[in-house]
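Architecture at a glance
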Amino acid sequence: MLNLYAFSCISPSTKAFQSSTSLPFFPLNPRGFPSRVLLRIFTVHSSSNGSLNSCENQSQRINFAGMRLEETVEAKCGKLRLDSWISSRISGISRARIQSSIKSGLVAVNGRVVNKVSHNVKGGDKVSCTISELQPLRAEPEDIPLEIVYEDEHLLVVNKPPHMVVHPAPGNPTGTLVNGILHHCSLPTVATSSQEVLSDVEDISDDEGLCSTLCGESVRPGIVHRLDKGTSGLLVVAKDEHAHAHLSEQFKQHSIQRVYASLTSGVPSALRGRIEIPIGRDVNNRIRMSAIPGPIKQGQARHAASRYKVIEILAGGGSALVEWRLETGRTHQIRAHAKYIGVPLLGDEVYGGTRSMALSLLRPRIPPSCHNQLSLMLSGLERPCLHALALGLGH
């Protein structure tokens, strides 16, 4: 088990909190929150020697291109998705690679080409599959400073800064984490594509979701999950397809250990608890998710569970440092669940953690002489105060 920790300032800038150290509502504490920056790596029972190697031995990595599979689905099997069944028959390959092969017309069922990844197969069906070639990377390598907290020949773990987008998209073709990783790994330059991202599973999330490709069909480097643009913290990247498939499976099975730290607007009524409320798209705001209590209705919401614990009460109850542990990885899960229990994240304008709300909570709790300094500090909050603090995974 590889366990990594990144202690980082949750505010948009360390300076913002350093300038507020005289205020009585955000005291310094032994953990270094929120104004110090610490990095620590704890490796427990890791099979790796922990050396910091560059992306090398590329030719030795597994490439399934051209591999053929011709098998009959076992009679005892019920209905299964075509991509899922093929994935179970070829060890170490990513679901995205299989989906690409299907969409390229390289898969046939009972002699007929099938290009729908969700096509159901049943016992007795004869499946013929040829794995497609890896497509060229669709991003430009850029010399972007990256804070790499762990690296070996199989994977690397990055402490992503806030405001950095993980992978290129039409609105963010450059300056992304992927651009920086391509440069770090000395991978070739190719043009950015606006092609839709494929997913190994349907559980896609901005804060803790699976994302199997860059912006095309390749899995080099393999972005296994992603963090929202405003969220800082640890993110693991696979260097080869075998590692990508294994990491993706761990996220799918929710066996990855994930810990987040946040600053909330207000303090939860219970200092620790478990929130098990489905999350779905907000019908009034398509860019926002919503916690929807009650029975799960098809297509409206999905099961979501989060555990939280108040680490420290700040500002006389106007804010709190809260630890979150995820059991699932829904889009904006922490932000939606925090809003549901009445403590939206500080700086989260989308989910109610607005500057005006913070002012209403904090101003009555501090001396009038500090009001101007408080306003200046809050005006510097340009993102939700959320940080991916710890990541534990099976290497």
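Provided above is the structure to which this section pertains.
What counts, and at which threshold
- Residues numbered from 1 in each chain as written.
- Predicted model: local features only at pLDDT ≥ 70, side-chain atom pairs only at ≥ 80, totals over all residues.
- Heavy atoms only, no water.
- Axes fitted to C-alpha atoms, helices over the stretch in contact; angles between N-to-C directions.
- Helix = DSSP H or I, 4+ residues; strand = E, 2+ residues; numbered from the N terminus.
- Parallel < 35°, antiparallel > 145°, perpendicular 65-115°, else oblique.
- Left-handed = near helix turned anticlockwise from the far one by under 90°.
- Contact = heavy atoms within 4.5 Å.
- Pairing = 2+ DSSP bridges.
- Core = buried A, V, L, I, M, F, W, Y, C linked by side-chain atoms within 4.5 Å.
- Buried < 20%, exposed > 50% of the residue type's maximum accessible area, 1.4 Å probe, protein only.
- Phe/Tyr/Trp six-rings, centres within 6.5 Å; stacked < 30°, edge-to-face > 60°.

Observations concerning the packing of helix α2 (residues 82-89) against helix α3 (residues 95-103)
- Where α2 meets α3, the axes come as close as 9 Å, and the angle between the chain directions of the two elements is 120 degrees. In terms of orientation, α2 and α3 fall into the oblique class. As α2 runs across α3, the sense of the crossing is right-handed. The segment α2 lies against α3, with Leu82, Asp83, Ser84, Ile86 and Ser87 engaging Arg95, Ile98, Gln99 and Ile102.

Section: the pairing of strand β8 (residues 126-130)
- Relative to β8, strand β3 (residues 68-72) is paired through five bridges, and the arrangement is antiparallel. Within β8, the residue paired with Thr72 across the bridge is Lys126.

Regarding the nonpolar core
- Ranked by size, the top nonpolar core spans 30 residues in total, and within it Leu177, Ile181, Tyr260, Trp324 and Ile334 carry the most contacts.
- Non-local contacts of Leu177, meaning those with residues more than four positions away in its chain, are made with Leu146, Val158, Met164, Val165, Val166 and Leu235.

Side note on unusual backbone geometry
- Positive phi values are uncommon outside glycine, yet Asn110 reaches one of about 55 degrees.
- In this model, His163 sits at a positive phi of 75 degrees, which is unusual for a non-glycine residue.
- Examined against the element boundaries, His163 turns out to sit in the loop between β10 (155-160) and α4 (177-184).

Things to note about the packing of aromatic side chains
- In total, this model carries one aromatic pair according to the counting rule given.
- Measuring from centroid to centroid gives 5.7 Å for Tyr308 and Trp324, while their planes differ by 45 degrees, and the two rings are tilted. With a gap of 16 residues between them, Tyr308 in strand β19 (residues 305-314) and Trp324 in strand β20 (residues 319-326) connect regions that are remote in the sequence.
- Note on Tyr308: relative accessible area 10%, which makes it buried.
- Among the residues examined, Trp324 registers a relative accessible area of 1% and is labelled buried.

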